[in-house]
Number of protein chains: 2
Amino acid sequence: MREKTARIIHEWADSCDTEVSIAVLGGAWKPSILMLLDEHGVLRFGELGRLLQDPTARVLTRQLRELEDDGLVIRTVYPQVPPKVEYRLSELGASATPVLAELTRWGTLYSTRQRAAAAEDAEAAATM
Amino acid sequence: MREKTARIIHEWADSCDTEVSIAVLGGAWKPSILMLLDEHGVLRFGELGRLLQDPTARVLTRQLRELEDDGLVIRTVYPQVPPKVEYRLSELGASATPVLAELTRWGTLYSTRQRAAAAEDAEAAATM
DNA sequence: CCGGATCCCAGGGGATACTG
DNA sequence: CAGTATCCCCTGGGATCCGG
């Protein structure tokens, strides 16, 4: 299970590295997680959950584990009761920041254009 | 069905535009399609299929339709027999090129690091 | 506090067969 | 040639309940 992305890579890495990026970064909460860790430096599991507006614990755990397995995030467990677990970006994880920034930039551009187009449509419909 | 992405946008655009980009660009064949159209300018349905190493016609059709609905691709039908359909990038579609380039760049970086890590592991195992 | 175990569901991708 | 129609399957996200 640890080798999921690794297997993907082995199969068709050189053919399309774009898919690799999407496979690694494309989880439902992964971009947000990476951006939050980039912004805050270190965050505990619970803090992440609250900042993300409470995804299911199971889901958040999985996203974080996958990011850890893929080497983007470093998980530190403090052996104490109650438990305390901290997450922070690895160097590789930090290297993904420009990609996320680019995705955000284009996403904003796209949304703007779509809203503009929708407004035009509405106007055209009103003028008819 | 046409408004799928549009609805997504309306719901949580401003919160995370990154997700929008992934929703629009994240299809199984979409990055490759966009890059091929960027490179070749104009391509017919069949040409695209061959260059992509034959995805199912149904799948390719859906990917192209979604890209068209999202305004990234322009579809031109020539009313003749046998049919001829051409695809090319819209301005918006062309604007996605840097994003794809960035994804490819980081995907390559990631793959390289992973391979290096795997090699280290193998070496460590051999030395044990 | 930080999860693991179990169950469920939607939908995206694919195979196959057919058509204007 | 460029699709459409049907069917299947698997994955990823989520809800709920339980545990150290």
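Note that this is a predicted model, so its numbers are computed, not measured. Position numbers for residues start from 1 in each chain and track the written sequence from start to end. Labels follow written order: the first chain is A, the first ligand is 1, and so on. Reporting in this predicted model follows two pLDDT cut-offs: at least 70 for local features of residues, and 80 or more for side-chain atom pairs to be given and counted; totals over whole chains, interfaces and linings ignore these cut-offs and use all residues. Values shown for side chains rest on all heavy atoms present in the structure; no hydrogens or waters enter the calculation.

## Points about the side chain of Glu-86 of chain A
Residue and element names in this part refer to chain A. Numbering of helices and strands starts at the N terminus; helices are DSSP runs of H or I of at least 4 residues and strands are runs of E of at least 2. Checked against the element boundaries, Glu-86 lands in strand β3 (residues 84-89). Only protein chains enter the accessibility calculation, which uses a 1.4 Å probe. A residue is then buried if its area is under 20% of the maximum for its type, exposed if over 50%, and partly exposed in between. Assessed through its relative accessible area of 17%, Glu-86 is described here as buried. Polar contact is defined as a pair of N or O atoms within 3.5 Å, subject to the rule that within protein one atom must be able to donate a hydrogen and the other to accept it, and that residues adjacent in sequence are counted only when both atoms are side-chain atoms. Separated by 3.0 Å, the side chains of Glu-86 and Tyr-78 make a polar contact. Throughout, a contact is declared for two residues whenever any of their heavy atoms are within 4.5 Å. Non-local contacts of Glu-86, meaning those with residues more than four positions away in its chain, are made with Val-42, Leu-43, Arg-44, Ile-74, Arg-75, Thr-76 and Tyr-78.

## Comments concerning the relation of the copies chain A and chain B
Mapping chain A onto chain B calls for a screw motion: a turn of 180 degrees about the axis and a shift of 0.0 Å along it, with 0.0 Å RMSD after fitting. Interpreted geometrically, this transformation is the action of a two-fold axis. When the interface residues of chain A are mapped onto chain B, 100% of them again fall at the interface, so both copies present the same face. The copies were overlaid by least squares, fitting only the C-alpha atoms of residues that reach a pLDDT of 70 or more in each copy.

## Here's the deal with the pattern of salt bridges
All names here are of chain A. Salt bridges are counted wherever a side-chain nitrogen of Lys or Arg sits within 4 Å of a carboxyl oxygen of Asp or Glu. The full count for this structure, using the stated rule, is 8 salt bridges over all chains. A salt bridge links Lys-30 to Glu-66; its shortest N-O distance comes to 2.6 Å. Taken together, the positions of Lys-30 in helix α3 (residues 30-40) and Glu-66 in helix α5 (residues 57-69) put the pair 36 residues apart, joining distant regions of the chain. The exposure class of Lys-30 is buried, given its relative accessible area of 3%. Of the residues examined, Glu-66 reaches a relative accessible area of 22% and is grouped as partly exposed. Here the salt bridges do not stand alone but share partners, grouping Lys-30, Arg-62 and Glu-66 into one network.

## A few points about the pairing of strand β2 (residues 73-78) of chain A
Residue and element names in this part refer to chain A. When DSSP finds two or more bridges between a pair of strands, those strands are recorded as paired. Across 6 bridges, β2 lies against β3 in antiparallel orientation. Within β3, the position partnered with Val-77 by the bridge is Val-85. Remark: 5 residues form the turn of the hairpin made by β2 and β3, two consecutive strands paired antiparallel.

## Thoughts on the side chain of Ser-90 of chain A
Residues and elements named next belong to chain A. Looking at the element boundaries, Ser-90 is found in the loop between β3 and α6 (91-94). In this structure Ser-90 comes out as buried when scored by relative accessible area, which is 11%. Within the structure, Ser-90 has its side chain in polar contact with the backbone oxygen of Gly-71 (distance 2.6 Å). Setting aside its immediate chain neighbours within four residues, Ser-90 contacts Gly-71, Leu-72, Val-73 and Ile-74.

## Describing the interface of chain A and chain B
Chain A puts 40 residues into the contact, and the matching count from chain B is 40 residues. For the chain A and chain B pair, buried surface summed over both sides reaches about 3,300 Å², with 63% attributable to carbon and sulfur atoms. Counting across the chain A and chain B interface gives 0 salt bridges. Summed over the shared surface of chain A and chain B, the result is 12 residue pairs in polar contact (both at pLDDT 80 or more). Breaking the side of chain A that touches chain B down by element, the ones donating at least two residues are α1 (4-12), α2 (17-25), α3, α6 and α7 (97-127) of chain A. Take the side of chain A that touches chain B: its biggest share by element is 16 residues, from α7 of chain A. Buried area: the accessible area, evaluated with a 1.4 Å probe, that two parts lose upon being put together, summed over both parts.

## A few points about the sheet that holds strand β3 (residues 84-89) of chain B
Residues and elements named next belong to chain B. Spatially, β1-β3-β2 is the arrangement adopted by the 3 strands of the open sheet, whose pairing is antiparallel. Both outer strands of the open sheet, β1 (42-44) and β2 (73-78), are each paired with one neighbouring strand and no more. Sheet twist, expressed as the average angle between the axes of neighbouring strands with direction ignored, equals 25 degrees. Strand contacts of helix α3 (residues 30-40): β1, β2 and β3, with the helix running at about 90 degrees to β3, the strand carrying the most contacts. Under this scheme, a helix contributes an axis fitted over its contacting stretch, all axes are lines through C-alpha atoms, and angles between N-to-C directions fall in the 0 to 180 degree range. Running over the sheet, helix α5 (residues 57-69) touches β2 and β3 and is turned about 115 degrees from β2.

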